[in-house]
Amino acid sequence: MQSRQQLPSSWTTLPVILATLALLVSPVFMVKHENFKTCDQSGFCKRNRQFADSASADKSWSSPYALDASTIKFSKGQLEGTILKSVAADEQIRLPVVVSFLETGSARVTIDEEKRQKGEIELRHNSKARKERYNESEKHAIVGSLKGSKDAKVADGAEKGTTVIYYGPDEKFQAVITHKPFGLTFKRDGKAQVQFNERGLLNVEHWRPKPPDVPAEEEKKEGEEAKVEEKKVEESGEDTSTWWEESFGGNTDTKPRGPESVALDISFPGFSVVYGIPEHASSMALKQTRGGDGNYNEPYRLFNADVFEYELDSPMTLYGSIPFMQAHSKDSTVGVFWLNGAETWVDIVKSTSKANPLSLGSKDFTTTQTHWFSESGLMDVFVFLGPTPSDVIKSYGELTGTTAMPQEFAIAYHQCRWNYVTDQDVKDVDKRFDKFNIPYDVIWLDIEYTDGKKYFTWDPLTFKNPDSMIKHLDKRSRKLVTIIDPHIKNTDSYPVVDALKKKDLAVHDKDNNIYEGWCWPGSSHWIDCLNPAAIEWWKSLFKYKAFVGTGSNVFIWNDMNEPSVFNGPETSMPRDNLHFQNWEHRDVHNIYGMTYHNATYQALLARSKAEEKSPRRPFVLTRAFFPGSQRTAAMWTGDNLAEWSHLAASLPMVLNQGIAGMPFAGADVGGFFGNPSKELLTRWYQAGAFYPFFRGHAHIDTRRREPYVAGEPYTGIMTQALRLRYSLLPAWYTAFREAHVYGTPIVRPNWFVHPEDEGGFALDDQLYLADTGLLFKPVVAEAANSVDIYLADDTPYFDYFTYKTYKGKGSHTIEAPLEKIPLLMRAGHIVPRRDRARRSSALMRNDPYTLVIVLGSDGKAAGELYFDDGESFDYEAGAYIHRTFSYADGKLSSADKYPEKGKGFDKYAKSVSKLRVERVVVVNPPAEWEKVAKVSVTQDGKEKYVKMSFVKGESGHASYAVVRDPKVQIVKDWGIVFA
Ligand code: NOJ
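What counts, and at which threshold
Residues numbered from 1 in each chain as written. Predicted model: local features only at pLDDT ≥ 70, side-chain atom pairs only at ≥ 80, totals over all residues. Heavy atoms only, no water. Helix = DSSP H or I, 4+ residues; strand = E, 2+ residues; numbered from the N terminus. Pairing = 2+ DSSP bridges. Near = heavy atom within 4 Å. Polar contact = N/O pair within 3.5 Å; in protein donor to acceptor, adjacent residues only side chain to side chain. Areas by Shrake-Rupley, 256 points an atom, 1.4 Å probe, with all protein chains shown as cover. Buried < 20%, exposed > 50% of the residue type's maximum accessible area, 1.4 Å probe, protein only. UniProt positions renumbered as here; feature names shortened; annotations may be inferred.

A. Molecular detail of unusual backbone geometry. In this structure, the amide linkage connecting Pro278 to the following residue, Glu279, adopts the cis form with an omega of 20°. In this structure, Glu279 sits in the loop between strand 15 (273-276) and strand 16 (300-302). Omega for the bond connecting Gly386 with Pro387 falls within 30 degrees of zero, at 15°, which places this linkage in the cis form. Within the element layout of this structure, Pro387 appears in the loop between strand 21 (379-384) and helix 6 (389-400). With a phi angle near 40°, Ile277 is a residue other than glycine that sits in the positive phi range. Of note, Ile277 is situated in the loop between strand 15 and strand 16.

B. Summary view of the sheet that holds strand 32 (residues 668-669). With parallel pairing, the 9 strands of this open sheet are ordered in space as 31-30-29-28-24-23-22-33-32. Strand pairing shows two members of the sheet lacking a second neighbour, strand 31 (665-666) and strand 32, which therefore form its edges. Pairing analysis gives 3 bridges linking strand 22 (residues 413-415) to strand 33 (residues 694-696), with the strands arranged parallel. Paired with Tyr413 across the two strands is Phe694, which belongs to strand 33.

C. Spatial organisation of the site of the ligand. As a matter of local geometry, the ligand sits amid 13 residues, with Asp446, Asp559, Arg623, Asp639 and His697 nearest to it. In the model, a nitrogen atom of the ligand is placed 2.7 Å from a nitrogen or oxygen of the Asp559 side chain. Within the side chain of His697, an N or O atom sits 2.9 Å from an oxygen atom of the ligand. Bound to the protein, the ligand loses 98% of the 300 Å² it would expose on its own.

D. Structural context of the pairing of strand 41 (residues 823-826). By the alternation rule, side chains of strand 41 split into Leu823 and Met825 and Leu824 and Arg826, which are all buried. As judged from the 3 bridges shared by strand 36 (residues 774-776) and strand 41, these two strands associate in the antiparallel manner. Bridge pairing links Leu774 to Met825 in strand 41. With 3 bridges connecting them, strand 38 (residues 797-799) and strand 41 associate as antiparallel partners.

E. Here's a closer look at the UniProt feature "domain: DUF5110" (unreviewed entry) in the protein chain. Here, the residues flagged by UniProt with the feature "domain: DUF5110" (unreviewed entry) are residues 850-891. What you have in residues 850-891 is 0% helix and 55% strand, and the ends, taken at the C-alpha atoms, are 17 Å apart.

Right under this line is the structure:
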């Protein structure tokens, strides 16, 4: 290659000119801040922050909420009473409170408003909205038992003015309720873990009539909005300017119930770090939000929104919301789940009391103080007292459900772009993958496949023959995913919209007419899946007869379900819109998207039950989500950019989804907007191979970038990354099983795996694949040749490909030229793989397994393998194989994980009886094995000897031994004695 010096001078200036031109023409991606509210522009957010500011400025501040002791009743694990909010010398607002101690060991606190429960309020503007505070979030989010614990009991002899309840396993948990002011401290083994209203920021904005002296919004002249904001501070000192109406971006919210937010401060004494509350493009360890070096100035916002060209390192809201937070310290993990479907903000600050230098053993003590506020609805908070990260996530999973067990194809590779333009194009792409020997399972169609953005139709010119397209894919065991959004085109001659209107199944506007807004199709209506009748109707649309051209290998992508409304406030729906049974949109905004993708899941399930012999598991991808979404959908992180920074940001985002109970998550590989360089694309495939949801996707204006387009060496390197994913599918599928049963994350951050390692609390750029001991760190920098990976303890780790050894707590540099994926194996694990390169996961079904045993100094290792038919629900009746592998004292044994079997086991086990182990690799075996030529293999009581080869490790690489084809069956118990 010519060096730069040898170029004629005109050539050296050319790149500069080109680069300058490129800067001028290449799009600059930047979020439009002006489209989204800051806290100051959101009435209730501003009010609650002001409330917090005045409380902390006032030394004599005392929360005006008191539990009326005479109202307390306790029975069946539930304490009921009334909190009185003093608003004037002679006025108290009655707020019924219920503190439940559940059988499961979790606690729940709900606070309602008596007047609204009884419907004794008046609505303005002749609104048809419901009068109660929204109390149905539970109906959508909770599937677990809410049964009170029989064993929870009120303690005798509690201090005056307090009520103490013992609950949880062995009554280790304690709730100390202070009556005046009302406060709650949750303790474990006598130590405070979670405190409610410790800072006195509890705030329930009660209903009140609008005073006549405040001018009505209608009377205000246009353009006065800003002035009004500043102006009204009433005698009480309260800023009432946002109580009765709120305008933003030209839209006015009529707020027929006036101000109604709920807020609470929740402190975590002794906890220096908190995680969770996705979705934000931010670090996993949440930052402080009240200013200061490296901190945010805005609270984390949870308001499902279509944030175009979102920015990184920001507490701005994104597409989905999970108001579940974990606080973590070396010896304790606890969690709170704020169950509210309305817009929510969370402020975080930390305070540290310094250790007393004169007192031996005294340490700094950090408390993380959080402050939560939601626009409307009940106050409803669950508390999980751990003590470990997996205890907390299990408790959350027990309540909201766990991730659906996916079909196997769904965890393989998905190829998407906006758009594959014809049915022939789809077939061509499919063929090219085969031609280049690149594995893939699913090809996707974005909105352009439809006839004029009318979902459930095909463009008659470009998708003339969808049937032949899906058959072509089916022959290769491949699937198709088509997009179906919740906006239904408002047009003539479209039976879907006709039915939506006729059956009255759409969301209504504030005047109770069918709501109309703009999205991809232009004028549209939105299905209201809060209405059970809408779900029933939705089901009917997915029948093969209704959605002609689809079949059993077609699955669904639900996008734009925040909902995204191009001409609506903050690109969404007006908050005073009305849903089924007249709940206002503001109450259910964050839940809406989940009701929609749940309906799609139900529809696919119903379709499968009606059309197939044995129903198959649905696959739905959603952009908007809420607690409970994990039960029916996978998610992706929306419209990222083809930039290195976005590749880096995807890791914390995906990790955060996992610890927040929705682990089936991924980011658009390659970046949605813009054209990635070949290097960036290649690195993204390497990273994507470790996203639970692995899909390449690109914007309509981008160049084609399927892995075969780039050419060598890139195509080959991307293929290697894809093959790595495919070869590790047995480990991924086993991880999904664990997530399905226990709610555990699939990819895990350091703190989750090593809770005691303070040095790793903030780490969010490397991950463990479930319990496999595989530790991966993506390269996220241009032209990097190495990465530094952090090891949490002194256990040895080995390079996955070369067996180079890394040992010692702290940072280690790993060579990572473009073709190298930084992946380590932690000693003590056994990893199942399938090493034969195939073109799709279905073609690997009958392939034999390789087991990799990774040994440390204690000479012990363990691992698991779960599989089933990868498609049907038969696993629910026991049609699955779940083996444990353990290695100790020179012997590898395979045993059933659960000796009790379901009724489907025998038949299934018979059908897979031929599956065998074709290779056992032992990494870092004892040196004496060099002299061992054969190992003894025992199965069915018969012993045989099989050859073993030994390769001595050199210069920092571990030795390894290989046993080829021991011919042991996966479904059987067996043992291999090595020495
Ligand atoms: C927005 C989604 O985030 C993106 O992935 C999709 O391609 C476009 N909508 C078009 O449907």
